Amino acid sequence: QVQLVESGGGLVQTGDSLRLSCAVSGRISSRYNMAWFRQAPGKEREFVAAISWNTGSTYYTDSVKGRFAISRDNAKNTVYLEMNSLEPEDTAVYYCADRFSLSSTVRYTTNSDYDSWGQGTQVTVSS
């Protein structure tokens, strides 16, 4: 019953910005860490960013630090990924995911750490 639906992807130029959104429905608890992953053509899905359910603590992969920002609005059951200074290397399908958590630990970075996944939204950055 839990559904995660990403939106906001598109085709942009190098240096542009995008804001991705992930709307969550069917969940009865707010105690979920949220994360964004991405998968580029021919590559494994990789962790991008995560945010805790209670403290707002965030964690980013090194390649996006200073450019991307994850945030959440629990009242709207939505998580966001602000992406700035986009580069062709950022081209990928971006997925949001959630993880039920009873702690404030935020550094979960593998696929198996997460319980539910969206279908992804395509981000293409042209040079």
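What you see is a predicted model; the values in this text were computed from it and never measured. (Residues numbered from 1 in each chain as written. Predicted model: local features only at pLDDT ≥ 70, side-chain atom pairs only at ≥ 80, totals over all residues. Heavy atoms only, no water.)

Trainee: Mind showing me how you'd approach the sheet that holds strand S7 (residues 68–73) here?
Mentor: Sheet strands pair by backbone hydrogen bonding; their relative direction is either parallel or antiparallel. On the basis of which strands lie adjacent, the open sheet formed by 4 strands has the order S1-S3-S8-S7 and antiparallel pairing. At either end of the open sheet lies a strand with only one pairing partner, and these are strand S1 (3–7) and S7. Going across the sheet, the axis of each strand differs from the next one's by a mean of 15 degrees, ignoring polarity. Where S7 lies against strand S8 (residues 78–83), 6 bridges are found, and the strand directions are antiparallel. Within S8, the position partnered with Asp-73 by the bridge is Thr-78. (Pairing = 2+ DSSP bridges. Helix = DSSP H or I, 4+ residues; strand = E, 2+ residues; numbered from the N terminus. Axes fitted to C-alpha atoms, helices over the stretch in contact; angles between N-to-C directions.)

Trainee: Looking at this structure, how should I read the environment of Gly-26?
Mentor: Within the fold, Gly-26 resides in the loop between strand S3 (18–25) and strand S4 (32–39). For Gly-26 and Met-83, which are 57 residues apart along the polypeptide, the C-alpha to C-alpha distance reads 27 Å. Discounting residues that sit within four places of it in the chain, Gly-26 has contacts with Gln-1 and Val-2. (Contact = heavy atoms within 4.5 Å.)

Trainee: How should I be thinking about the layout of surface pockets in this particular structure?
Mentor: Where empty space is left becomes clear once a probe the size of a water molecule has been rolled over the atoms. The space that makes up the largest pocket amounts to roughly 170 Å³. Considering the residues around the largest pocket, the lining is formed by Arg-38, Gln-39, Ala-40, Lys-43, Glu-44, Glu-46, Ser-63, Glu-87, Glu-89, Asp-90, Thr-91 and Ala-92. (1 Å grid on protein atoms, 1.4 Å probe; cavity = no way out; pocket = protein on both sides within 12 Å on 5 of 7 lines; lining within 4 Å. Points joined across faces, edges and corners; volume = space filled by probe spheres on them.)

Trainee: Got a minute to help me understand the state of the cysteines in this structure?
Mentor: Throughout this description, disulfide means a covalent bond between two cysteine sulfur atoms. Applying the stated criterion across every chain, the model contains 1 disulfide. One disulfide bridge connects Cys-22 with Cys-96, the sulfur atoms lying 1.9 Å from each other. Its torsion about the S-S bond being 50 degrees, the disulfide of Cys-22 and Cys-96 is classed as right-handed. Taken as a pair, Cys-22 in strand S3 and Cys-96 in strand S9 (residues 92–100) lie far apart in primary sequence, 74 residues in all. By the burial criterion, Cys-22 is buried, and Cys-96 matches it. (Disulfide = S-S within 2.5 Å. Buried < 20%, exposed > 50% of the residue type's maximum accessible area, 1.4 Å probe, protein only.)

Trainee: Quick question: what am I supposed to make of unusual backbone geometry here?
Mentor: Excluding glycine, residues mostly have negative phi values, and the peptide bonds linking residues are mostly trans. One non-glycine residue, Asn-77, lies in positive phi territory at about 50 degrees. In this structure, Asn-77 sits in the loop between S7 and S8. Judged by relative accessible area, which is 38%, Asn-77 ranks as partly exposed. Positive phi is not limited to glycine here, since Ser-85 has a value of about 50 degrees.

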